Amino acid sequence: MFGDHYRTKVPIGALAGASLLCLSAPALAAPADDLATIRDEIMKLRQDYEMKIKDLEERLQKAQADADAAKAAAAAAQAAQSTVAAAPSAAPPPPPTAPEPLPTPRAPAALNALNPVIAAVLNGMVTTNSRNPDTARIPGFSLPEEARNVPRGFSIGESEVALSANIDPFLFGSLNLSFGNDNSLSVEEGYIQTTGLGGGFTIKGGRFFSGIGYINDRHAHDWSFSDAPLPYRVFLNNQYGDDGIQARWLAPTNIFLEFGTEWFRGDAFPAAGAANGGKGTVTAFVHAGSDINDSSSWLAGLSYLHARSNARDVEGDSFTGKDDLGIASAVYKWAPGGNPVVRNLVVSAEYFFGHEDGVFNGVPVDYDHTGWYAQAVYQFMPRWSAGVRYAQLRTEDLDPLLAGSTLDDLGRIPRAVTGLLEYDTTEFGRFRLQYTHDMSDIKSADQLIFQYTVIYGPHGAHRY
Amino acid sequence: MRTMMIGAVLLALGAATPAYANLNVFACEPEWGALSTEIGGDKVSVYTATTGGQDPHQVQARPGLIARARNADISVCTGAELEIAWLPAIVAQTSNPKIRPGAPGAFEASAFVTLLEVPARLDRAEGDIHAQGNPHIQTDPRNLLIVAKALTDRFSHLDPPNASTYASRLADFTTRWQAAIAKWTAQAAPLKGVPIVVSHLSWRYMEDWLGLKRVVALEPKPGVPPSAGYLAQVVDTLQKTPAKFVIRSAYEDSRPSLFIADKMHMQAVVMPFTVGGTPEAKDLFSLYDDTINRLLAAAKG
């Protein structure tokens, strides 16, 4: 095989060499004067070409200048066209009957070019309370400071600034700074989140509110009432937020079905002391929801939180041990024909079951807590809504050794009834008047809150 | 409770069985759902997020919508911030990269049409304004042709094997639609120059198409419901510059337009605005048939 190839190649190479020799033969044979003529001719050719090149260069420069002038004069879109038209080597101009222009999409809407989306939530309230919130307690429960009633008189509650943006094609970032009444600045949330993992998966990491329950991961300004319902106050210190990681998966079904799990540091109530080497709290939740018809829809959820406490100190009470909390949530929304602007109704209820097992102030404890609330807010005409809420708590199976301690419910069932009247200037401005008859302590108390909440800046859409 | 849970899971699994369609379309408004079906035929399976009786500005980001958007290959929406109060929240919760803003599967019809009424001043004090201009482009059927072409390109980009089907369906639609536009325009000739009152600024493109003259709008600022004081001003304006009738879309609050109609002794006309907005507006063609019929009847009366 190889030999055959070699043999056929040799004659071709020889032939090529021979023909080259033949071609160059006349030049080699030429006399000296002929050489001079050729040299002259070459010089002439060169000059000729140089002239032509110079001419071309000049024309190109002129074209460039024309194009630049046109660019400066015409709009950005037309500039490109004039460059083409002015270029000497351009194709013949398009026929006078211009073809139907291709639809060119404009850039899709960006909320704020490359700046992060900045939104401010301003909150202000004035409160009267027949009982001093600083000394108020709820028998049977350790009440952390944040879970107390709002202070009497004027206050700004929690005003916040949120900065969020896509970081790159894969990540989204959000930072939420909250200003307290005492001028303290705190990072309420600061997390990164995947945006396009696909397959229904989303992963979030940083500091954020847990996805358990219904209202836990919404900011206070997004709640239907001015304060958190009793169970959120005593079980989660208003809402559970901590440093950690969250994974969620949205099932590929026509009804909404979402599963999620989280792993937190375990520094926030009911956890404390960042047990397990700073991985002290785990949660799991499932949410399901769908439309019933054009006017009504529902969302339901089951959540579980397991926390560990290392010497948790709440107002002088120490607890070390385990905390388990289960939450069942249900939400129903109604808006005639799917139009919530004129009238709409939101009914929601959540049931909490808590179990604590450990050592409380040196005494071994193993007891259950339960709590629930139900609320309804009805917008009866554009801008105006009214709402009611009922909440109650219960302590069970407490060790007699703890009689008289914080955990002693004193034979009472703490409960509260709340009424609400709300006026919205637009979806960005809101005034609320909220009255609570609070029977959570031995002596009942009355609380009246007048509150405004406004949002400005490009604020994202509200969640369900 | 337990049987309910099992039932729900079974229902969910049943619903998860993949449909034998090539493209899952999540249409924000009925007109785009109908147009997607015109172009895609049986090559697409269309879910329409809103009904003809629903205000597309104000929709709750319901769980059912999130579930549908999660499985979408393309979202076909108006854009120009019409859906800003609900769509971003839905898309963010789906983690579906196909319909994220900027992705080929995020189709915005308004991006292909020259928008009118672009606000000179961006300030929330001006009401619910759309920075890119008036988004209600479907009130002029000529815009549908432009969008149909762009939508065909997008379908073909996402589903190349069926590109020829989309192209031939577009050609068929274009022929029928151009004939229909000619018919509507001829029918609507008597409407030229007729002065009207509008409820929300939803009809700008139709006003341009038919030559209707808007005297005044019943909203002092876009999206802001009129106060009694403002309605008195409207009456004042109409006494100086009378109008023939007042129009509103089916989802809008009827009270302001009925009040003005009664006060000025003119008709209040409910317009379909989109497919399904009135019982007669069953598809894209009957939408404009009904629109023209209602306007002609009001102009006569």
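A quick note: this is a predicted structure, and the numbers were derived from the prediction, not measured.

**Things to note about the overall build of chain B**
- When helices and strands are tallied, chain B shows ten helices and eight strands.
- By the compact-globule yardstick of 19 Å for 301 residues, chain B fits well, its C-alpha radius of gyration being 21 Å.
- Taking the principal axes of the C-alpha coordinates as reference, chain B spans close to 60 × 50 × 40 Å.
- Across the 301 residues of chain B, 50% fall into the buried class.
- When contacts within chain B are restricted to residue pairs at least 6 apart in sequence, long-range pairs at least 24 apart make up 63% of them.

**Here's the deal with the domain arrangement of chain B**
All names here are of chain B.
- For chain B, the assigned domains read domain 1 (15–183) and domain 2 (188–300).
- Look at where the C-alpha atoms of domain 1 and domain 2 centre, and you get two points 25 Å apart.
- Contacts between the two partners involve 29 residues from domain 1 and, on the opposite side, 24 residues from domain 2.
- Only helix 2 (30–40) and helix 5 (141–158) provide two or more residues apiece to the side of domain 1 that touches domain 2.
- Among the residues forming the side of domain 1 that touches domain 2, the class breakdown is nine nonpolar, eleven polar and nine charged.

**Here's the deal with the packing of helix 2 of chain B against helix 6 (residues 163–187) of chain B**
All names here are of chain B.
- Taken N-terminus to C-terminus, the directions of helix 2 and helix 6 make an angle of 115°; their axes are 7 Å apart at the nearest point. Every residue of helix 6 that contacts helix 2 at Glu38, Ile39 and Gly40 is listed here: Tyr166, Arg169, Leu170 and Phe173.
- Of the residues that constitute the contact of helix 2 with helix 6, the class distribution is four nonpolar, one polar and two charged.

**What about the confidence of the model for chain A?**
Residues and elements named next belong to chain A.
- Averaged over every residue, the pLDDT of chain A is 82; the share at 70 or more is 77%.
- Scored below 50 in pLDDT, residues 1–30 makes one contact in the model with residues more than four places away or belonging to other chains.
- Contacts from residues 72–101, a stretch scored under 50 in pLDDT, to residues over four places away or in other chains number 19 contacts.

**Some thoughts on the interface of chain B and chain A**
- Counting residues at the interface gives 48 residues for chain B, matched by 44 residues for chain A.
- The set of elements that each furnish at least two residues to the side of chain B that touches chain A consists of helix 1 (2–16), helix 3 (63–70), helix 4 (87–94), strand 4 (106–108) and helix 5 of chain B.
- Ranked by the residues each element gives to the side of chain B that touches chain A, the list is headed by helix 3 of chain B, at six residues.
- Grouping the amino acids of the side of chain B that touches chain A by side-chain chemistry returns 25 nonpolar, 13 polar and ten charged.

**Details of the sheet that holds strand 3 (residues 74–77) of chain B**
Residues and elements named next belong to chain B.
- An order of 2-1-3-4 is seen for the four strands of this open sheet, with the pairing classed as parallel. The outermost strands of the open sheet, each flanked by one partner alone, are strand 2 (44–48) and strand 4. In this sheet, neighbouring strand axes are inclined to one another by 20° on average, regardless of whether the strands run parallel or antiparallel.
- With five bridges connecting them, strand 1 (residues 23–27) and strand 2 associate as parallel partners. Across the sheet, residue Asn24 finds its bridge partner in strand 2, namely Ser45.
- Sheet contacts for helix 5: strand 1, strand 3 and strand 4; angle to strand 3, the most-contacted strand, approximately 175°.

**So, unusual backbone geometry**
- Of the consecutive residues Phe269 of chain A and Pro270 of chain A, the connecting peptide bond is found in the cis state with omega at 5°.
- Considering the arrangement of structural elements, one finds Pro270 of chain A in the loop between strand 8 (256–264) and helix 5 (275–278).
- Residue Asn361 of chain A is not a glycine yet carries a positive backbone phi of 50°.
- As for its position among the elements, Asn361 of chain A is in the loop between strand 12 (344–360) and strand 13 (363–381).
- When the 14 C-beta atoms within 10 Å are taken as the criterion, Asn361 of chain A is described as partly exposed.
- Backbone geometry places Ala80 of chain B, a non-glycine residue, at a positive phi of 50°.
- The topology assignment puts Ala80 of chain B in the loop between strand 3 and helix 4.
- Given 25 C-beta atoms within 10 Å, Ala80 of chain B falls into the buried group.

**Description of the confidence of the model for chain B**
Residues and elements named next belong to chain B.
- Confidence in the prediction of chain B, expressed as mean pLDDT, is 90, and 93% of residues score 70 or more.
- Low pLDDT, under 50, characterises residues 1–19; the stretch is placed with twelve contacts to residues that sit more than four places away or in other chains.
- Complex prediction metrics read pTM 0.79 and ipTM 0.85.

**Overview of the sheet that holds strand 6 (residues 213–217) of chain B**
All names here are of chain B.
- The strand order across the open sheet built from four strands is 6-5-7-8, with neighbouring strands paired in parallel fashion. Whereas interior strands pair on both sides, the edge strands pair on one side only; in this sheet they are strand 6 and strand 8 (267–271). Geometrically, the sheet is characterised by an average inter-axis angle of 35° between neighbouring strands, direction not taken into account.
- Relative to strand 7 (residues 245–249), strand 5 (residues 195–198) runs parallel, the two sharing three bridges. Note on strand 7: the bridge partner recorded for Val197 is Val246.
- On top of the sheet, helix 8 (residues 228–240) reaches strand 5 and strand 6; it is set at about 150° to strand 6, its chief contact.
- The strands touched by helix 10 (residues 284–300) within the sheet are strand 7 and strand 8, with strand 8 carrying the most contacts at an inclination of about 180°.

**Examining the nonpolar core**
- With 120 residues, the main nonpolar core has Leu35, Val76, Val147 and Leu151 of chain B as its most contacted residues.
- When residues no more than four places from it in sequence are discounted, the contact partners of Leu35 of chain B are Leu144, Val147, Ala148, Leu151 and Leu284 of chain B.

**Description of the pairing of strand 4 (residues 171–179) of chain A**
All names here are of chain A.
- Two elements, strand 3 (residues 159–166) and strand 4, share eight bridges in a ladder whose sense is antiparallel. Its bridge partner being in strand 4, Asn166 is matched across the sheet by Phe172.
- Count of turn residues in the strand 3/strand 4 antiparallel hairpin: four residues.
- Of the pairings in the sheet, the one linking strand 4 to strand 5 (residues 185–194) comprises nine bridges and is antiparallel in character. Among the inter-strand pairings, Leu177 is bridged to a residue of strand 5, identified as Val187.

**Side note on the environment of Ala271 of chain A**
Residue and element names in this part refer to chain A.
- With respect to the helices, strands and loops of the structure, Ala271 is situated in the loop between strand 8 and helix 5.
- Residues Ala271 and Thr127, 144 residues apart in the sequence, show an inter-C-alpha distance of 31 Å.
- Apart from the residues lying within four places of it in its own chain, the contact partners of Ala271 are Gly266, Gly280, Thr281, Ala307, Arg308, Ser309 and Asp323.

**Here we look at the packing of helix 5 of chain B against helix 6 of chain B**
Residues and elements named next belong to chain B.
- Two elements in contact, helix 5 and helix 6, have axes whose closest approach is 10 Å; the angle formed by their N-to-C orientations is 180°. As summarised for this structure, helix 5 and helix 6 are arranged roughly antiparallel, according to the angle between their axes. Residue-level inspection shows Pro141, Arg142, Leu144, Leu145, Ala148, Lys149, Thr152, Phe155 and Ser156 of helix 5 in contact with helix 6, the latter providing Ala163, Tyr166, Ala167, Leu170, Phe173, Thr174, Trp177, Ile181 and Trp184.
- Within the contact of helix 5 with helix 6, the residues separate by chemical class into 13 nonpolar, three polar and two charged.

What counts and what doesn't
- Residues numbered from 1 in each chain as written.
- Chains lettered and ligands numbered in written order.
- Predicted model: local features only at pLDDT ≥ 70, side-chain atom pairs only at ≥ 80, totals over all residues.
- Helix = DSSP H or I, 4+ residues; strand = E, 2+ residues; numbered from the N terminus.
- Rg over C-alpha atoms; globule rule 2.2 N^0.38 Å.
- Buried ≥ 20, exposed ≤ 12 C-beta atoms within 10 Å, placed from the backbone.
- Contact = placed C-beta atoms within 7 Å.
- Domains from an automatic or database assignment.
- Nonpolar A, V, L, I, M, F, W, Y, C, P; charged D, E, K, R; others polar.
- Axes fitted to C-alpha atoms, helices over the stretch in contact; angles between N-to-C directions.
- pLDDT = per-residue confidence, 0-100.
- Pairing = 2+ DSSP bridges.
- Core = buried A, V, L, I, M, F, W, Y, C linked by C-beta atoms within 7 Å.
- Parallel < 35°, antiparallel > 145°, perpendicular 65-115°, else oblique.

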